[in-house]
Amino acid sequence: MFWKRIGYLCKSDRRAILTLLVLVAIACIAIHTLQNEGMESNPIPAQTATKQSEINIASKKTDNKNDEPAKLNKELFYFDPNTADRDQLLRLGLQEWQVRNICKYRAKGGIYRSKEDFAYVYGLTVGQYRRLAPYIRISDEYLPASTLAEVRNHKRYNYYDKKEYSEKETTEIKTEKPTAYTPKLRKGEQLNINTSDTTQLKTIPGIGSYYARQTMRYREQLGGFVSKQQLQEIENFPEEAIQYIHIDKDNIQKLNVNKMSLARLKRHPYINYYQARAITDYRRLHGEIKDIKELKLLKEFTEFDINRIEPYIEY
């Protein structure tokens, strides 16, 4: 339409319009050329751009690191959740907010009486519990007093001092003969710890009534001792007593992993709930377990766990 209208104009007008269009075209080309020359006169080398981008990325990483609080190195060690302080709990790999939950629970009078109680920490994951469970050691101070003291003797002397015994009971206490001295083993003598009773255990130098009971109780839980190092798992067990101890592995009570229930398996000190469940699930899906190597396929068991329970497993 535009060119048709130009055709109706006189020759001088057409010449003027065409001249104007040519001048506009030349001006556009000139502007475009000048812009290109300006960009080429100040080029940004590719290497410089790359370095600049690397600097920007590094600065962002540095900023992020500065924003994050300093993290302690994770490590595993034996701990009591009733007494471990904030720094110890953080070193074990717990988060700051999980540590706060533990401290709040203890501040309100809460007590962890067993390692299973620690599994109820708010926010604790299954993976964290499995990693920490073998290292939890609950102090006997948090157990019922009846398991740590001779209740009868405690009452006897306590009431006698307060004169609350009857006249007959007081007479019996006064006439009671003092406890006979228990002779101790001589240097070089040893006692089989897997067959000895509390009276025999008290003949070991350094072991009295308390450690004799603790040793008997832990022996029953394990099914018998297979090494002297296991005695050190009893809190504050006297080291000087170890030289008087002999280990006889003939009387070890073993766990049949193909027949025992989940509840029975988890009673063993070296098997927690998740490991017991993994065993029962494995034999339900794959049949009977025939070798300890099969347990290595389960993520719940570490090499350390396998070595500890191997002497107590049968098929």
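Residues numbered from 1 in each chain as written. Predicted model: local features only at pLDDT ≥ 70, side-chain atom pairs only at ≥ 80, totals over all residues. Heavy atoms only, no water.

## Notes on the overall build of the protein chain
Check the secondary structure of the protein chain and you find 14 helices and four strands. Here the protein chain holds 315 residues, and the buried ones make up 32% of them. As displayed, the protein chain has an accessible area near 21,900 Å², and 53% of this comes from carbon and sulfur atoms. (Helix = DSSP H or I, 4+ residues; strand = E, 2+ residues; numbered from the N terminus. Buried < 20%, exposed > 50% of the residue type's maximum accessible area, 1.4 Å probe, protein only. Areas by Shrake-Rupley, 256 points an atom, 1.4 Å probe, with all protein chains shown as cover.)

## Notes on unusual backbone geometry
Across the chain, the bulk of peptide bonds are trans and the bulk of non-glycine residues have phi less than zero. The phi torsion at Asn236 lies on the positive side, around 60°, for a residue other than glycine. Relative to the elements of secondary structure, Asn236 occurs in the loop between helix H11 (209-222) and strand S2 (245-246). Given the relative accessible area of 60%, Asn236 is considered exposed.

## Concerning the pattern of salt bridges
Should their charged atoms come close, side chains of opposite charge can pair. Tallied over the full model, the rule gives five salt bridges. As a salt-bridge pair, Arg91 and Glu75 come within 3.0 Å of each other at their nearest N and O atoms. Remark: Glu75 occurs in the loop between helix H3 (46-67) and helix H4 (86-91) and Arg91 occurs in helix H4; sequence separation between them is 16 residues. In this structure, the salt-bridge partner of Glu96 is Arg86, at a minimum N-O distance of 2.9 Å. A residue pair is termed long-range when its members are at least 10 positions apart, and Glu96 in helix H5 (residues 96-107) and Arg86 in helix H4 qualify at 10 residues. Residue classification places Glu96 among the partly exposed positions, given a relative accessible area of 29%. Overall, Arg86 belongs to the partly exposed group, its relative accessible area being 41%. Taken together, the shared-partner salt bridges connect Arg86, Asp87 and Glu96 into one network. (Salt bridge = Lys/Arg side-chain N within 4 Å of Asp/Glu carboxyl O.)

## Focus on the nonpolar core
Counting residues in each nonpolar core, the largest one holds 41 residues, and the members touching the most others are Ile204, Phe237 and Leu295. Within the residue set of this core, elements represented by two or more residues are H11, helix H13 (273-286) and helix H14 (303-309). In this structure Leu295 touches Ile279, Ile289, Phe301, Ile306 and Ile309, once residues within four positions along its chain are discounted. Counting residues in hydrophobic clusters, the runner-up holds 21 residues, among them Ala84, Leu94, Tyr129 and Tyr142. (Core = buried A, V, L, I, M, F, W, Y, C linked by side-chain atoms within 4.5 Å. Contact = heavy atoms within 4.5 Å.)

## Quick look at the packing of aromatic side chains
Within the structure shown, the criterion is met by 10 aromatic pairs. Aromatic side chains Tyr270 and Tyr312 sit 6.1 Å apart centroid to centroid with 70° between the ring planes, which places their arrangement in the edge-to-face category. Of this pair, Tyr270 sits in the loop between helix H12 (262-265) and H13 while Tyr312 sits in the loop between H14 and strand S4 (313-314), and the two are 42 residues apart along the sequence. The class of Tyr270 is buried, set by a relative accessible area of 4%. Members of the aromatic cluster, each reached through a chain of ring pairs, are Phe79, Tyr105, Tyr112 and Phe118. (Phe/Tyr/Trp six-rings, centres within 6.5 Å; stacked < 30°, edge-to-face > 60°.)

## Observations concerning the confidence of the model for the protein chain
A residue-level look at the protein chain finds 72% of positions with pLDDT of 70 or above and a mean pLDDT of 78. Per-element confidence in the protein chain ranges from a low mean pLDDT of 43 for helix H8 (residues 151-161) to a high of 93 for H13. Confidence drops under pLDDT 50 across residues 150-165; counting only partners more than four residues distant or on other chains, this segment forms 15 contacts. (pLDDT = per-residue confidence, 0-100.)

## Details of H5
Here H5 spans 16 Å end to end across 12 residues, near enough to the 16 Å set by a 1.5 Å rise per residue. Within H5, burial applies to Gln98, Val99 and Ile102. The arc enclosing the buried residues of H5, seen along the axis, measures out at 100°, which places them on a common side. In H5, the exposed positions that point more than 90 degrees away from the buried face belong to Lys104 and Ala107. Where H5 is buried, its residues contact H4, helix H6 (115-118) and helix H7 (126-132). Immediately beyond the C-terminal end of H5, within one or two residues, lies Gly109, with a positive phi of roughly 95°. (Expected span 1.5 Å × (residues − 1). Arc of directions from axis to C-beta.)

## Observations regarding the environment of Asn251
With respect to the helices and strands, Asn251 occurs in the loop between S2 and strand S3 (255-256). The spatial distance from the C-alpha of Asn251 to the C-alpha of Gly224 is 7.0 Å, given a sequence separation of 27 residues. Beyond its immediate stretch of four places on either side in the chain, Asn251 contacts Thr195 and Gly223.

## Description of the side chain of Arg283
Mapping Arg283 onto the fold places it in helix H13. The side chain of Arg283 sits in the buried core without any salt bridge; Asp281 is the nearest counter-charge, 8.4 Å away. At a separation of 2.5 Å, a polar atom in the side chain of Arg283 contacts the main-chain carbonyl oxygen of Val257. Only 2.6 Å separates the side chain of Arg283 from the backbone oxygen of Met260, close enough to count as a polar contact. Beyond its immediate chain neighbours, meaning those up to four positions away, Arg283 contacts Val257, Asn258, Lys259, Met260, Ser261, Leu265 and Glu288. (Lys, Arg positive; Asp, Glu negative; His and termini not counted. Polar contact = N/O pair within 3.5 Å; in protein donor to acceptor, adjacent residues only side chain to side chain.)

## What to know about a nonpolar patch on the surface
Side chains of Val22, Leu23 and Ile26 sit close together on the surface and give an oily, nonpolar patch of about 280 Å² of accessible area. Relative to the helices and strands, Leu23 is located in helix H2 (residues 11-41). (Patch = residues over 30% accessible without salt bridge, like charges linked within 9 Å, V, L, I, M, F, W, Y side chains within 5 Å.)

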